[in-house]
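Results of the structural survey
Take a look at the letters that make up each chain.
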Amino acid sequence: MDAKLSKIFEKVQNQQRISREDCFELFASKDLVSLGKMANLIRERKNGNVAYYNINRHLNYSNVCYVGCKFCEFGQVKSSPKAYEMSLTEIRQAAEQAVAQGATEFHIVGGLHPDLKLDYYENLLKELKKTAPQVHLKAFTAVEIDYFSRVNKLPLQETLSRLMTAGLGSMPGGGAEILTERVHKLVHPNKMNADRWVEVHRTAHGMGIRSNATMLYGHVENTEDKVTHLEKLRQLQDETGGFQTFIPLSFVPDNTELAHIPAPTGFEDLRHIAISRIFLDNFAHIKTYWVMSGINIAQLALNFGADDIDGTIMKETIVHMAGAKTPEGVSVQDLIRYIRETGRDPVERDTLYNVISRDAA
Ligand code: V47
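For the structure given in this document, a descriptive report is provided here. Note that the coordinates shown come from a computational prediction; the quantities given were computed from them, not determined experimentally.

Overview of the overall build of the protein chain
Along its length, the protein chain carries 15 helices and ten strands. For 361 residues, the compact-globule formula gives about 21 Å, and the C-alpha radius of gyration of the protein chain, at 19 Å, lands near that figure. C-alpha atoms of the protein chain, sized along the principal axes, occupy 60 × 50 × 40 Å. Taken over 361 residues, the protein chain has a buried fraction of 60%. Total accessible area computed for the protein chain in this model is approximately 14400 Å², and 50% of it derives from carbon and sulfur atoms.

Quick look at the environment of Ile-297
With respect to the element layout, Ile-297 can be found in helix α13 (residues 295-301). Classification of Ile-297 by relative accessible area gives buried; the value is 16%. For the pair Ile-297 and Gly-266, spaced 31 residues apart in sequence, the C-alpha separation works out to 6.2 Å. Aside from chain neighbours lying at most four places away, what touches Ile-297 is Gly-266, Asp-269 and Leu-270.

Observations regarding the packing of aromatic side chains
Within the structure shown, the criterion is met by twelve aromatic pairs. Summarising the aromatic geometry, the rings of Tyr-61 and Tyr-121 are spaced 5.7 Å apart at their centres and angled 75° between planes, so their arrangement reads as edge-to-face. Within this pair, whereas Tyr-61 is found in the loop between β2 (56-59) and α4 (88-100), its partner Tyr-121 is found in helix α5 (residues 118-131), the two being separated by 60 residues in sequence. As far as burial versus exposure is concerned, Tyr-61 and Tyr-121 are alike and both buried. Put simply, the rings of Tyr-61, Tyr-120, Tyr-121, Phe-140 and Phe-148 touch in pairs and so form one group of aromatic residues. Above the plane of the ring of Phe-279 lies Arg-234, whose end atom (NZ or CZ) is 3.8 Å from the centre.

Re the site of the ligand
The local shell around the ligand holds 24 residues, among which Lys-138, Gly-173, Gly-175, Glu-177 and Lys-287 are the closest. Within the contact set of the ligand, a nitrogen atom lies 2.9 Å away from a backbone nitrogen or oxygen of Val-252. Contact with the protein chains covers 96% of the free accessible surface of the ligand, which is 610 Å². When its residues are assigned to classes, the shell around the ligand shows twelve nonpolar, eight polar and four charged.

Here's the deal with the environment of Ala-166
Locating Ala-166 in the fold gives a position in helix α7 (residues 156-166). Exposure remark for Ala-166: the relative accessible area of 5% places this residue in the buried category. Separated by 37 residues in sequence, Ala-166 and Lys-129 have C-alpha atoms that sit 8.1 Å apart. Once residues lying within four places of it in the same chain are set aside, the contact partners of Ala-166 are Glu-122, Leu-125, Lys-126 and Lys-129.

Considering the nonpolar core
Of all hydrophobic cores here, the largest spans 110 residues; its most connected members are Phe-106, Ile-108, Phe-140 and Trp-197. No other element matches the six residues that helix α11 (residues 266-279) contributes to this core.

Considering the sheet that holds strand β10 (residues 345-348)
Spatially, three strands are ordered β9-β1-β10 in an open sheet, and the strand pairing comes out parallel. With partners counted over all chains shown, the strands left at the sheet margins are β9 (308-311) and β10, one partner each. The average undirected angle you get between the axes of adjacent strands in this sheet is 25°. Direction of pairing for strand β1 (residues 50-54) relative to β9: parallel, over a ladder of two bridges. Bridging from a neighbouring strand, Asn-54 pairs with Gly-311 of β9. Of the strands in this sheet, β1, β9 and β10 are in contact with helix α15 (residues 332-341), which crosses β1 at around 165°.

What to know about unusual backbone geometry
Only a minority of non-glycine residues have a phi that is not negative, and only a minority of peptide bonds are not trans. A positive phi angle, close to 55°, is found at Gln-15, a residue other than glycine. Within the secondary structure, Gln-15 sits in the loop between α1 (3-13) and α2 (20-28). For Glu-177, which is not a glycine, the phi torsion comes out positive at approximately 50°. Locating Glu-177 in the fold gives a position in the loop between β5 (170-171) and α8 (181-187). Residue classification places Glu-177 among the buried positions, given a relative accessible area of 7%.

A short note on the pattern of salt bridges
Tallying each qualifying case throughout the model produces 27 salt bridges. Across the pair Asp-238 and Arg-17 runs a salt bridge, and its minimum N-O distance is 2.8 Å. Pair noted here: Asp-238 is in helix α10 (residues 223-240) and Arg-17 is in the loop between α1 and α2, with a separation of 221 residues, a long-range link. The exposure class assigned to Asp-238 is partly exposed, which follows from its relative accessible area of 47%. Relative accessible area serves as the criterion here: at 35%, Arg-17 is assigned to the partly exposed category.

About the thresholds
Residues numbered from 1 in each chain as written. Predicted model: local features only at pLDDT ≥ 70, side-chain atom pairs only at ≥ 80, totals over all residues. Heavy atoms only, no water. Helix = DSSP H or I, 4+ residues; strand = E, 2+ residues; numbered from the N terminus. Rg over C-alpha atoms; globule rule 2.2 N^0.38 Å. Buried < 20%, exposed > 50% of the residue type's maximum accessible area, 1.4 Å probe, protein only. Areas by Shrake-Rupley, 256 points an atom, 1.4 Å probe, with all protein chains shown as cover. Contact = heavy atoms within 4.5 Å. Phe/Tyr/Trp six-rings, centres within 6.5 Å; stacked < 30°, edge-to-face > 60°. Lys NZ or Arg CZ within 6 Å of the ring centre and 35° of its normal. Near = heavy atom within 4 Å. Polar contact = N/O pair within 3.5 Å; in protein donor to acceptor, adjacent residues only side chain to side chain. Nonpolar A, V, L, I, M, F, W, Y, C, P; charged D, E, K, R; others polar. Core = buried A, V, L, I, M, F, W, Y, C linked by side-chain atoms within 4.5 Å. Pairing = 2+ DSSP bridges. Axes fitted to C-alpha atoms, helices over the stretch in contact; angles between N-to-C directions. Salt bridge = Lys/Arg side-chain N within 4 Å of Asp/Glu carboxyl O.

Structure, rendered in structure tokens:
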């Protein structure tokens, strides 16, 4: 380990917070083994040998969206042949199938639809609660919540409170992309900005709604953008403690407007997992999202800082429309096998990280 990394390692060993400058050093380092060693120390300190997974079903109710983010192929204008809207019956059927497979969570995300009003989303949540009262509804990114609040001319708090009454349990971490003005202007200028993403999560946390945070890397961002992004999340977490897990998302460029940019390699995926684990000392969990990085990297990530491998998912649409080659879902038996192979102990969790024990079949 070189002298600069050794100094940071000393801080990690002494459980001291690392600085913004240290984070730049971590991003400058190609010594993946040392980064992994530091991240793994923190990961094992926080989570022992456990690797969490859950049984979840992604429900992307509609991809109609007029925002046009350059990294996204999921969002389509209404007239596009690729646009779709699931009917309530289709959503109910998908939910029933998922419950039959043991789902404890529905992860519900869609585009910014020009015609739907808040009552549509309230009904969607109520319908799911009626179909499966025991299943946690992790629903709507900050981008959707902000949009609902603006379109319906309601304050954020009232929007969230109506959704909570309808069944919202927590919020996913999407829509953060890279929380800087530079990247916002370049890649998703029509979407709400970084300050607003932070504001929505701050408001949700203040109301007792837990949420996750993501970072989409491997497109036009530079190191400074990423360090700033991580710093904003660490600051908000210091303030509210409302984040549960951080999920670095590996860009899938194939069918997008940014298809000329090569996808991040496994080396980069592991570096991002490790660096986020080292910097985000106030996050309890780091999730490796197998859908984007692939199962092989997700397995390695469990020894490079990640303690959570996400879930069965059952049907992923967002990055599969962008060209992801990974499966759309995996069986729970396979998830457990992937975790065991790495030497970690698989533990099923619910959305809020309560441990779930099931009788052996
Ligand atoms: O917000 C869109 C990203 C996110 C692409 O909270 C892309 O537990 C890569 O947020 N390549 C949605 N990424 C997914 C998400 C998520 C996933 C798993 C778990 C959780 C959680 C949240 O996917 C979007 C955007 O940042 N995205 N297009 C793409 N081409």
